[in-house]
Amino acid sequence: MRRHRFLSLLFIGCFAIALFAGSAASSQIVPTVAPDQPSEIAQSPALSQAGSTQPATNTANADLSLTAGVRKTVLDNGLTVLTKEVHTSPVVSVQVWYRIGSRDELPGVNGIAHQLEHLMFKGTQSRPIQFGRFFSALGSESNAFTSYDMTAYFGTVERDKLEALLVLEADRMRNSIIGEKELASEKRVVISELQGYENNPSYRLGRAVMRSAFPDSPYGLPVGGTKADVEKFTVDQVRYYYNTFYRPDNATLVVVGDFQTDALLQKVRESFGKIPKAIAPLPKDPLFAKAGKAALQAAAPPIILKEPGSAALLNVVYPLPDTKHPDVAAIQVMDYILTGGRSSRIYQALVETGLASDAGGGAANMISGGWYELSATAAPGKELQAIDRALEQVLADLRDKGVTQEELTRAKAQLKASLVLRNRDIASQAILLGDNQISTGDYRFTDQLLAAIATVTPADVQRVAKTYLAPTNRTVGFFEPTTADGKPGASPGNLSQTTEKFSPGAPVDPAEVAKYLPLNRTTTQPQDQALPEKLTLKNGVQVLLVRDRSTPTVTLSGHIGAGTVRDQPATAGLATLTANNLMNGTQTKDALAIAKTLENRGASLGFGASREGVSISGEALSADLPTLVQVTADVLKNASFPKNELELSRQRALTGLNLELDTPARLALRTFQQAIYPATHPFHTFPTAASLQAITRDDIVRFYQQYYRPDATVLTLVGDFDAVAVRTLLARELGSWETTGNTAQLTFPAVPLPDKTVRLTPTLPGKTQSVTYLGYNAIARKDPRYYTALVFNQILGGDTLSSRLGTEIRDRQGLTYGIYSVFQAGQTPGPFLISMQTAPEDAERAIASTVSLLQQIRKEGVTEAEVANAKRSLTSIYPVELASPPTLASTILFNAVYGLPLSAIRTYTDTINAITPTQVNALIQEVLHPDRLVIVTAGPTAATSRK
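What counts as what
- Residues numbered from 1 in each chain as written.
- Predicted model: local features only at pLDDT ≥ 70, side-chain atom pairs only at ≥ 80, totals over all residues.
- Heavy atoms only, no water.
- Pairing = 2+ DSSP bridges.
- Helix = DSSP H or I, 4+ residues; strand = E, 2+ residues; numbered from the N terminus.
- Axes fitted to C-alpha atoms, helices over the stretch in contact; angles between N-to-C directions.
- Contact = heavy atoms within 4.5 Å.
- Phe/Tyr/Trp six-rings, centres within 6.5 Å; stacked < 30°, edge-to-face > 60°.
- Buried < 20%, exposed > 50% of the residue type's maximum accessible area, 1.4 Å probe, protein only.
- Lys NZ or Arg CZ within 6 Å of the ring centre and 35° of its normal.
- Parallel < 35°, antiparallel > 145°, perpendicular 65-115°, else oblique.
- Nonpolar A, V, L, I, M, F, W, Y, C, P; charged D, E, K, R; others polar.

Colleague: What's the story with the sheet that holds strand β20 (residues 770-777) in this structure? I'm lost.
Modeller: Sheets are built from strands paired through backbone hydrogen bonds, the pairs being either parallel or antiparallel. Spatially, β19-β23-β20-β22-β21 is the arrangement adopted by the 5 strands of the open sheet, whose pairing is mixed. Each edge of the open sheet is held by one strand with a lone partner, namely β19 (758-760) and β21 (816-823). The sheet shows a mean angle of 10° between the axes of neighbouring strands, taken without regard to direction. Where helix α21 (residues 664-676) meets the sheet, it contacts β19, β20, β22 (831-838) and β23 (934-938), and its direction lies at approximately 25° from that of β20.

Next up, the structure:
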């Protein structure tokens, strides 16, 4: 419900976040359930008036419960246990939540809760190895995060691995190793993480604004801390926080999934129940009575940061009450009216007018206070002062004139749908329970809040706007970018050689992991994934249907063969600009009408161009499926591309290009790809300011007519629907889409490996971390070696905590926050690449260590035990991934796009299990070329970073 709690307020142990900040995140897959399976989230069905722009009638939120079926148990040692049986797939999520976050930190140790989170993976007295290796061996989707109020550890596994997760989590609650060696290594990793955030100007601006808004509160300090504090942490300090706060009576264990509660609780007592009850009382709450600064008589002048960057940014913060305050329901409704989608007041006032290329915000209500944050990115040539005035006028209108009944009804529908859609998988349901319990002391809080939201009136929204959004309450910040020369720097000489020689450590023996791994009681019977039903319309549209009644929702995923491979250098960006303008109007609806049609029901629909195609992503409550399909069909058949919207979209694209060229990960990837592929290859082409300016409306209409074709479209629909009715709906709405002409065939020239290592180092002023890519062109998805490559990649860099690369570069040497490898195999061969984020002064050492490890693997190969472990990890995590609707939809979709049989989703496990060590080692000789890499490092120079 508090949208920022799981967006920007926490520091996640997922070690790719800083590296790929700004890229779209995709959730993972859904399980198939029997057609007569009852819904796990109860909601009264409501038929929507498809296509109407009037808000749907608000059904009573009493009909919706997100916490039904939960059982609460408190052990003798004080541990709170929340259990919820969900039998829609043979998986289970285990989460341990601690009521400790950055709000509990004393002066001088900002970030120590986050540092402790990292150390919780370093092993225990009885299991002295990296816990990430255990989770990988179990096939667990595991992670952790630290926020202002809490720290949580979570894993989702096949149900027969449940007991092993319980044992591991109980072990590290009281027995974690916190020593000098472990702390020294993880301090380097944490500093790398923090400096990765420092690369982002919006992070630096937000930090400055929060410090000013909350000068006497830990809420005013960043959750992850500062480099200065982290460098000074001592083992004794970290142990104090561990011994003080990691205890049963300060924790909540949440288990959701396929189990029997009584049997589970017995296992919980055998593992967690053995932990002694703490004797010393918990420290007193540090924050009550100082949640924010005193209100001013007049608005304070803006904080102004003038630093290297590419776009002007605005950030505004208003203090709010704590999460249990009776005004929270009205605040949440107010937030959606202001920022909830394209029809929201702030989007209409800032983005649709061309003042800003992006704008949004959200409410964060915490244990001891909260804040309302609004932000905007200035469009090219627009002044922050003008954007700030426009924003202030929006808030003044809200305070003075109130809201309409239409806005109120739409916001309530969005809130309700958002909660249901965000809690389709069991891990998300567990997160909701844990967050509720830690934040409020009551796991049922969200249901209570939903009931309160149902009673919110226009007068309530106006009242909270007047109370909390008064001009004197605001703290505002401006980021005004400075430019050195407007271009990335040049490479400082030939860095392809290094005088240092790094000898990688011996690979981790899987037998060592197995020795400490808790015993699995293998009771899970293999459960065949139901195959999708295929429907091909007369015009060539392919539709794959999977009925899933586990929640009253539907997920739409699609692919159209109109990706950026169709771009020409002179108009590069055309594919993306076309996709971005699809929702800007049709023959019968303008952009606002389209937005209201969806948002009135809490539904969403989006299009985005990628390398090989345009993605379609939509989701809605199942009752609103007709609306979702009708809007999708209308846009695909009748997009009108109004000229005024095109110009606004072009300005946003230019802002996005500037941000891309100022972001190390994005600049490095562009440089890497253009170094691999020759100028005549479609993968070489990227947008420039000149190419974006050259695109005309006629170009977009021509591209749309030529490439948006029914015979180039594949759709997947997963969810709670009637198959017969859906077939009729799809035929009615999409059957009239006509095909004209033939699609031009693309030419993909040969891509030879470089003769020797190529080293490129574009420099970016004002950054604190470097991002490096290493690799070359590799294989396509239908290459017969693809599944062998998956097994090899899992060994090499599929997991930053348990892979060869992660063990050596991150865990042993502490040189990076995260390091991964991947084969980007598509319809045509894509790159094999390794990515990592490092301090600039560590980049060369990390690269040399990586190359040495690749040479070692090419020379020695991998062991039979490593192959067996990788196969077990891949096959164990597969059903876990297929327990989330968006990933199931995506997996089915791309199997079809790549021309695989419908049975591919069912035969994946057998195919992986059939891979042999001989095949993996043969693949290594064929595809691993450590001496012919393209290596690109983007970021500051080492000398600049040390300043």
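Colleague: Even after reading the chapter, I still don't get the packing of aromatic side chains, so can you show me in this structure?
Modeller: Any pair of aromatic rings gets described here by the distance separating the centres and the angle formed by the planes. Under the counting rule described, the total for this entry stands at 29 aromatic pairs. Measuring from ring centre to ring centre gives 6.0 Å for Phe-672 and Tyr-773, while their planes differ by 35°; the resulting arrangement is tilted. Of the two residues, Phe-672 is situated in helix α21 and Tyr-773 in strand β20; the sequence distance between them amounts to 101 residues. Comparing Phe-672 with Tyr-773 shows no difference in burial state: the two are buried. Each member of the aromatic cluster is reached from another via a ring pair, and the members are Tyr-98, Phe-121, Phe-131, Phe-134, Phe-135, Tyr-153, Tyr-242 and Tyr-246. Just above the ring of Phe-121 sits the side chain of Arg-172; from NZ or CZ to the centre is 4.7 Å. Taking NZ or CZ as reference, Arg-611 lies 4.5 Å from the ring centre of Phe-683, over its face.

Colleague: Can you walk me through the sheet that holds strand β11 (residues 369-378) in this structure?
Modeller: A sheet is described by the order of its strands in space; here 5 strands give the open sequence β8-β12-β9-β11-β10, paired in mixed fashion. A strand with exactly one partner marks an edge of an open sheet, and here the two such strands are β8 (303-308) and β10 (356-366). Across the sheet, the mean angle from the axis of one strand to that of its neighbour is 15°, orientation sign disregarded. The strands touched by helix α9 (residues 328-339) within the sheet are β9 (313-320), β10 and β11, with β10 carrying the most contacts at an inclination of about 175°.

Colleague: Teacher, can you tell me more about the packing of helix α1 (residues 112-119) against helix α7 (residues 235-245) here?
Modeller: How two helices sit against one another is set out by the angle between their axes and by the gap between those axes. The geometry of α1 relative to α7 is characterised by a closest axis approach of 10 Å and an angle of 85° between their N-to-C directions. Viewed along their axes, α1 and α7 adopt a mutual orientation that is roughly perpendicular. On α7, the residues touching Ile-112, Leu-116 and Leu-119 of α1 are Gln-237, Val-238, Tyr-241 and Tyr-242. Considering only residue class, the contact of α1 with α7 consists of 6 nonpolar, 1 polar and no charged.

That is the geometry; function is a separate question.
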